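Topology and contacts: notes
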Amino acid sequence: MICFLDLGTSKVSGLLTDDLSISTIHAFSSIETSGVKKGSIINISTTASSISECLKDIEQQSGFKIKEIFVSISGEELSSTNSTGQVAISEKVVSARDIENVLNMSSTMKIPYDKTLLYVMPNSYSIDGQSDINDPLGKNGIKLEARSHLIHCSKYTKENIKKCVKASSPSIGIRKYFYNQLGVAHSVLTDFQKKLGVCVLDIGAGTTDISVYQNGSITFSKVLPYAGDYITETIGSALNIVSSDAEAIKKKYGCAFSDNIDDEMLNISLDDVNKFISRKALAELIEDSMSKILRHCLNSLEENNLLNYIPAGIVITGGSANMEGMVKLGEKLSNLNYKIGIPKYNLPQKSDNLLKPENSAILGMTKFHALEQDKEFTFNQSKGIIARVLEWIRTEL
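What you see is a predicted model; the values in this text were computed from it and never measured.

The next thing to look at is the overall build of the protein. For the protein, the count of helices and strands is eleven helices and 18 strands. Taken over the C-alpha trace, the protein has a radius of gyration of 23 Å; the compact-globule value for 397 residues is 21 Å, and the two agree within 12%. A principal-axis box enclosing the C-alpha atoms of the protein has dimensions of 75 × 50 × 40 Å. Contacts in the protein between residues at least 24 apart in sequence constitute 65% of all its contacts with a sequence separation of at least 6. Of the charged side chains in the protein, 42 are positive and 46 negative; the average position of the first set lies 5 Å away from that of the second.

We now examine the sheet that holds strand S10 (residues 143-154). Hydrogen bonds between backbone groups are what pair the strands of a sheet, and the pairing can be parallel or antiparallel. The strand order S7-S10-S8-S9 describes an open sheet built from four strands, whose pairing is antiparallel. The strands lining the two open edges of the sheet, one partner per strand, are strand S7 (79-88) and strand S9 (130-133). Strand-to-strand twist of the sheet, defined as the mean angle between neighbouring strand axes without regard to direction, takes the value 35°. Sheet topology places strand S8 (residues 115-127) next to S9; two bridges connect them, and they run antiparallel. When the sheet's bridge partners are listed, Ile-127 is paired in S9 with Gln-130. Helix-sheet contacts for helix H2 (residues 96-106) involve S7, S8 and S10, and the interaxial angle to S7 is about 135°.

If you trace the five strands from one edge of the open sheet to the other, you get S3-S2-S1-S6-S11, paired in mixed fashion. Where the open sheet ends on each side, the last strands, each with one partner, are strand S3 (25-32) and strand S11 (173-179). Adjacent strand axes in the sheet meet at a mean angle of 20°, parallel and antiparallel pairs treated alike. Relative to strand S2 (residues 11-17), strand S1 (residues 2-7) runs antiparallel, the two being bridged by six bridges. Following the sheet pairing, Leu-5 is matched in S2 by Gly-14.

What follows deals with the packing of aromatic side chains. Applying the stated criterion to the full structure yields four aromatic pairs. Seen in terms of ring centroids, Tyr-119 and Phe-368 are 5.6 Å apart; in terms of plane orientation they differ by 65°. Their pairing is edge-to-face. Residue Tyr-119 is found in strand S8, and its partner Phe-368 is found in helix H10 (residues 360-383); the two are separated by 249 residues along the sequence. Side by side, Tyr-119 and Phe-368 carry an identical accessibility label, which is buried. Ring-pair connections join several aromatic residues into one group, and the members of that group are Phe-4, Phe-70, Tyr-119, Phe-178 and Phe-368.

Inspection of every chain in the model, using the stated rule, returns ten salt bridges. We note a salt bridge from Asp-259 to Lys-332, for which the minimum N-O separation is 3.6 Å. Separated by 73 residues along the polypeptide, Asp-259 in the loop between helix H7 (243-253) and strand S15 (265-269) and Lys-332 in helix H9 (residues 326-333) bring together distant segments of the chain. By relative accessible area, Lys-332 is classed as partly exposed at 44%. Linked through salt bridges whose partners overlap, the residues forming this network are Glu-247, Lys-250 and Lys-251.

Here Gln-193 lies in helix H5 (residues 191-196). Looking at Gln-193, its side chain comes within polar contact range of the main-chain nitrogen of Thr-190, at 2.9 Å. Every residue in contact with Gln-193, bar those within four places of it in the chain, is listed here: Val-188, Val-198, Ala-312, Val-315 and Lys-339.

Attention now moves to the nonpolar core. Within the largest apolar cluster, 53 residues are counted, with the highest numbers of intra-cluster contacts made by Ile-69, Leu-118 and Leu-182. Excluding its chain neighbours within four sequence positions, the residues that come into contact with Ile-69 are Cys-3, Leu-5, Leu-55, Val-165, Ile-172, Gly-173, Ile-174, Arg-175 and Lys-176.

Right, let's talk about the confidence of the model for the protein for a bit. Mean pLDDT for the protein: 90, with 94% of residues reaching 70 or above. Segment residues 389-397 is flagged for pLDDT under 50; beyond a separation of four residues in sequence, or across chains, it makes three contacts in the model.

Two elements in contact, helix H8 (residues 279-303) and H9, have axes whose closest approach is 10 Å; the angle formed by their N-to-C orientations is 55°. Looking at the two axes, H8 sits oblique to H9. Remark: the crossing between H8 and H9 carries right-handed chirality. Of H9, the residues touching H8 (which contributes Glu-287, Met-290, Ser-291, Leu-294, Arg-295 and Leu-298) are Met-326, Leu-329, Gly-330, Lys-332 and Leu-333.

As a further point, take the environment of Thr-207. Along the chain, Thr-207 falls in the loop between strand S12 (198-203) and strand S13 (208-214). Under the relative-accessibility criterion, Thr-207 is labelled buried at 9%. Counting along the chain gives 132 residues from Thr-207 to Gly-75, while the straight-line C-alpha distance between them is 6.6 Å. Once residues within four sequence positions are removed from consideration, Thr-207 is found in contact with Thr-9, Lys-38, Gly-39, Ser-74, Gly-75, Glu-76, Asp-202, Val-223, Leu-224, Tyr-226 and Ala-227.

Quick notes on the rules
Residues numbered from 1 in each chain as written. Predicted model: local features only at pLDDT ≥ 70, side-chain atom pairs only at ≥ 80, totals over all residues. Heavy atoms only, no water. Helix = DSSP H or I, 4+ residues; strand = E, 2+ residues; numbered from the N terminus. Rg over C-alpha atoms; globule rule 2.2 N^0.38 Å. Contact = heavy atoms within 4.5 Å. Lys, Arg positive; Asp, Glu negative; His and termini not counted. Charge placed at Lys NZ, Arg CZ, Asp CG, Glu CD. Pairing = 2+ DSSP bridges. Axes fitted to C-alpha atoms, helices over the stretch in contact; angles between N-to-C directions. Phe/Tyr/Trp six-rings, centres within 6.5 Å; stacked < 30°, edge-to-face > 60°. Buried < 20%, exposed > 50% of the residue type's maximum accessible area, 1.4 Å probe, protein only. Salt bridge = Lys/Arg side-chain N within 4 Å of Asp/Glu carboxyl O. Polar contact = N/O pair within 3.5 Å; in protein donor to acceptor, adjacent residues only side chain to side chain. Core = buried A, V, L, I, M, F, W, Y, C linked by side-chain atoms within 4.5 Å. pLDDT = per-residue confidence, 0-100. Parallel < 35°, antiparallel > 145°, perpendicular 65-115°, else oblique. Left-handed = near helix turned anticlockwise from the far one by under 90°.

What follows is the structure, given as structure tokens:
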């Protein structure tokens, strides 16, 4: 069994699947949390409590005792860059060791002192000038070059997550950390979109993740520190109400495109008072806030010269994608094609009840993990038995 944990700003989600070639979901849990802000842990005990509740719920549903988890993360402290590395091919035929060496070379560039490498995503390889090679293993040549997308996180991110997991259950370990957007792409994008050029906007509660795919690989990623909570705060401030009430109003009556909304008055009953606002005025508040978020995204794409390289358009996913009018608002702000990203590709069995934009990351992580396992198996097999034994000895010593 494999347990995935996705740490979001508003909720902690857990998913338990088997490790068969076509996986099946055995348990799912999603627990609200207030211990995370903009993707970063601000309260260890609160976050640990949410993780504990989530994992216990999964264990009760499945009857399975969790021993280790795979954690997917995002957050405003994440950053990324593209890098290249090159090495001489050791015996004129590309080996697994050559690939490992060239990826290591591509990831050794200088990074800020407060960052650590989270993941290296190889985009393509070239051999002696022949470019766009997806799998160089076994090919002849003299020089191997790799182009990679590097994702970094704060040095303290992993440590804080580890503390939360240990506080929630001392017996549970973390097997690996992932950037959750690498999962999103598998559940909401087709291979054709990724090949053609597409941008994914994962608009959650605390952060908006921007990812661009070209020629089948991720070439740009950025995390913006404003998302659905920013809209909630705008509503709360305008109506002078607490965030929980503003969030409920946003979900029940909210629309991101005000042009076609009528002036129907909403009589909103709260605990101790009634609030009155027209649905159009509410939509205008939301449209103004969401427009600022989308413009920031478009500006990031323009600053990196990417707007003309995403002919498949923009796919919006995450919890905020549930709001009415998101596609129309996007099309109002730019000439790009917009779609709502609902999980529909590479899904595990028994996921029918989870096909919502807010679950795109954790559902996609099942496919991403499977592909990672396949690559690791192929890589290890190609090393040969002697190299694998020596590596095992080095690990055990």
